[in-house]
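# Close look at the chain arrangement
As a plain string of letters, each chain reads:
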Amino acid sequence: MSRTSKRKIGSSLMLLQLTGILLTGCINEEVHHPASADPDAKATITFVAAEYSTSTKPYFENLVKEFETKYPNIKVELQVINWDILDSASNTMISRNQPPDLLLTNIYAHFAKDGLLNSMEDLLSPELKEKFYPYLLESSKMHDTQYTIPYVTTIRELYYNKDIFNEVGLTEPPKTWEDLEEDARKIKNTKQVDGFGVDLTDNEIWAYLSYFFYGAGGGWMKDGEWAINSPENVEGITFLKNLYEEGLTDPEPAVTTRDEKQRILGNGKLGMLISGNYFEAVVPHEYPGLKWGKGPIPVKEGQTPLVLGVQDVWMSFKTDHTNKDALSKFLDFIYEDGRYEEFVLREGFLPTIRTVGNKLAANDPSMKQNLDSIKNAKFYPINNPAWSAVLNATRNMGQTVLLGQMTPKQALDRLQQIAIDKSY
């Protein structure tokens, strides 16, 4: 999610994982035959999941073990891949004509456009379909076809170090851009630490673009058309660039990631940053003495308060061994209430199914607040086939704009043209 990941892996481990993926592809090149309608026939599910933390792989390994015990005629081949190489790894599988039966990631529409995906309508049991929050299913639809289903979701908010705020005389988080600028300057001048952490790396830049697009009254699209280079969006990115040039952000927005900035905030060297609600589960464990608070994402004076939501979704590729009955059983198993609740709490996400959401909200005011907020959230346009190309094109944009190689207007004009070109 967009992403909702917590990326913590070194380049050497990435290389080992990718090598293992390619070797696995070579080993599994034998012909797979479609599963028989015979209920006793063997079925195979290839399953690729994104890695959110060190807990993700053990969780899914145990889930697969329990599922195979319950359904001994269904074999699940699992790979858990870190977000940093997930796109390249899955694209390699697809290019070798060996896509997974199930993939957990955050983009899908270009796959649907190319006819590679099964409709989830053919896989979802009526009972599971009824569980989902309806408003979370909308971005999983393309041309009225349900190509994906949401697994986890998050909302983004501004988090701050309470000790730093208290020391510089700030009593509440900033609500407007003007407040943000003033508070960041006060923190910088008084404490000699960075005021506002900004992630313009290739891990998270599209999130920060979204915060300042929407905060200015703009957005990625308007009336069903791409509007990336709108005046509002240009204003938003210009404001963000000015914060950097005035020394009010951290010094390396295009280098240090959100996760690294969370650690810097925890160490008392950063005043504020925008992150997902998983901040509340992860950071306090790493820094048990940290006193933190949160508030809405600051917006331009006069704009509606902003809630940005991010989803990660399941999709099912058409394969030469697709067994829809087995996939349906596996999805039911993944979303079984107790099992799914464990994953949500373990990783610090928000649930996408009502049965678990209602239970958690009844016992946790913060969960209830977050689930209420996400009903009005804005989401990335993941159901547009050009989104994948736009997302990739943003990856080096932060460095380009911050160093003055392109103006915000020039950079957004380029993104707009890429979006239009890839829409046809």
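Residues numbered from 1 in each chain as written. Predicted model: local features only at pLDDT ≥ 70, side-chain atom pairs only at ≥ 80, totals over all residues. Heavy atoms only, no water.

## Here's the deal with unusual backbone geometry
Of all residues except glycine, most have a negative phi; of all peptide bonds, most are trans. Phi angles above zero are rare outside glycine, and His-143 is one such case at about 55°. Topologically, His-143 is positioned in the loop between strand 4 (141-142) and strand 5 (145-146). For His-143, a relative accessible area of 71% gives the class exposed. For Asp-144, which is not glycine, the phi torsion reads 65° and is therefore positive. Take Asp-144: it is sitting in the loop between strand 4 and strand 5. (Helix = DSSP H or I, 4+ residues; strand = E, 2+ residues; numbered from the N terminus. Buried < 20%, exposed > 50% of the residue type's maximum accessible area, 1.4 Å probe, protein only.)

## Focus: helix 19 (residues 408-421)
If you check helix 19, its first and last C-alpha atoms are 20 Å apart, about what 14 residues at 1.5 Å a residue would give, namely 20 Å. Of the positions making up helix 19, those classed as buried are Pro-408, Ala-411, Leu-412, Leu-415, Gln-416 and Ala-419. All buried residues of helix 19 fall inside an arc of 140° around its axis, so they share one side. (Expected span 1.5 Å × (residues − 1). Arc of directions from axis to C-beta.)

## Considerations on the side chain of Ser-119
Examined against the element boundaries, Ser-119 turns out to sit in the loop between helix 4 (109-113) and helix 5 (126-131). With relative accessibility at 16%, the residue Ser-119 sits in the buried group. Within the structure, Ser-119 has its side chain in polar contact with the backbone nitrogen of Glu-121 (distance 3.1 Å). If we ignore the near neighbours within four places in the chain, the residues touching Ser-119 are Thr-145 and Gln-146. (Polar contact = N/O pair within 3.5 Å; in protein donor to acceptor, adjacent residues only side chain to side chain. Contact = heavy atoms within 4.5 Å.)

## Considerations on empty space enclosed by the protein
If you add up the space inside the largest cavity, you get close to 80 Å³. Around the largest cavity, the lining residues are Leu-200, Ile-205, Leu-209, Ile-237, Leu-240, Lys-241, Met-397, Gly-398, Val-401 and Leu-402. Among the elements of the structure, helix 9 (205-215), helix 10 (231-245) and helix 18 (397-402) are those that each provide at least two residues to the lining of the largest cavity. Broken down by class, the residue content of the lining of the largest cavity amounts to eight nonpolar, one polar and one charged. Here the second largest cavity defines a volume of roughly 40 Å³. Lining the second largest cavity, in full, are Ser-139, Gly-309, Val-310, Gln-311, Phe-379, Tyr-380 and Ile-382. Tallied by class, the residues present in the lining of the second largest cavity amount to four nonpolar, three polar and no charged. (1 Å grid on protein atoms, 1.4 Å probe; cavity = no way out; pocket = protein on both sides within 12 Å on 5 of 7 lines; lining within 4 Å. Points joined across faces, edges and corners; volume = space filled by probe spheres on them. Nonpolar A, V, L, I, M, F, W, Y, C, P; charged D, E, K, R; others polar.)

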